[in-house]
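Fold and contact review
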Amino acid sequence: PNRLYFIDRLESAIETAHEQGALFAVLFVDLDQFKLVNDSLGHTAGDELLIDVAGRLRAGMRASSRPGDQAKSVVARVGGDEFAILLCQMRNETDPSIVAARILERLNEPFYVEGRHVSVSASIGIALGSSCSTPEGLMRNADTAMYHAKANGKARFEFFNEAMRERVIARFEIETGLRKAIDMQQLVLH
């Protein structure tokens, strides 16, 4: 499934959470250094790898689901080498860490692309459904957590928290202020 389908399912999960108090989470999965595969082996090999990754993500979801749950959870490709997972009907807020650890373990196993051994890792950001009430906000929160996972060493997962958002906003404001200061020649070298 693609981003549009994922957003539709995410909207349904938000509704269900409001009506029934159900717990859910969004996992944002980004492959680490995927560009190297495309650059060295070509885009056809990259596409083959993405298909294999999607299969492992789905298998990781099946292994972590209770009977009947996997029909509600979704794995979708939302961009180049980015995938999103909607984990529905969680028993508790630690369930996403179990799924994320299982995914990292599955992706750590070697891939064989065009007869070559390829190693791939991923960084995963997790946003609990309670962190935001809109699909776009939940995706943004999971994406923010994923970038923190990358910054903290890759091949790992991080849960979103508001401090992450505050750091992103502060950095954006500093960069905007510096660009403005440069344009207006307000900086002086000492």
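Residues numbered from 1 in each chain as written. Predicted model: local features only at pLDDT ≥ 70, side-chain atom pairs only at ≥ 80, totals over all residues. Heavy atoms only, no water.

This paragraph deals with the nonpolar core. Ranked by size, the top nonpolar core spans 31 residues in total, and within it Leu 27, Leu 31, Leu 49, Val 53, Ile 85, Phe 111 and Ile 124 carry the most contacts. Secondary structure elements with two or more residues in this core: β1 (23-32), α2 (34-41), α3 (43-64), β3 (82-90), α4 (95-108), β4 (111-113) and β6 (121-128). Once residues lying within four places of it in the same chain are set aside, the contact partners of Phe 111 are Leu 49, Asp 52, Val 53, Arg 56, Arg 116, His 117, Val 118 and Val 120. (Core = buried A, V, L, I, M, F, W, Y, C linked by side-chain atoms within 4.5 Å. Buried < 20%, exposed > 50% of the residue type's maximum accessible area, 1.4 Å probe, protein only. Helix = DSSP H or I, 4+ residues; strand = E, 2+ residues; numbered from the N terminus. Contact = heavy atoms within 4.5 Å.)

Moving on: the confidence of the model for the protein. Summary statistics for the protein give a mean pLDDT of 90 and a share of 95% for residues scoring 70 or more. Mean pLDDT per element in the protein: α3 is the minimum at 87, and strand β7 (residues 157-159) is the maximum at 97. (pLDDT = per-residue confidence, 0-100.)

Below, the discussion takes up unusual backbone geometry. The phi dihedral of Gln 33 is positive, around 60°, even though this residue is not glycine. Note that Gln 33 resides in the loop between β1 and α2. Notably, Lys 154 is not glycine yet its phi reads approximately 65°, a positive angle. Inspection of the secondary structure assignment puts Lys 154 in the loop between α5 (135-151) and β7. Residue classification places Lys 154 among the partly exposed residues on the basis of a relative accessible area of 34%.

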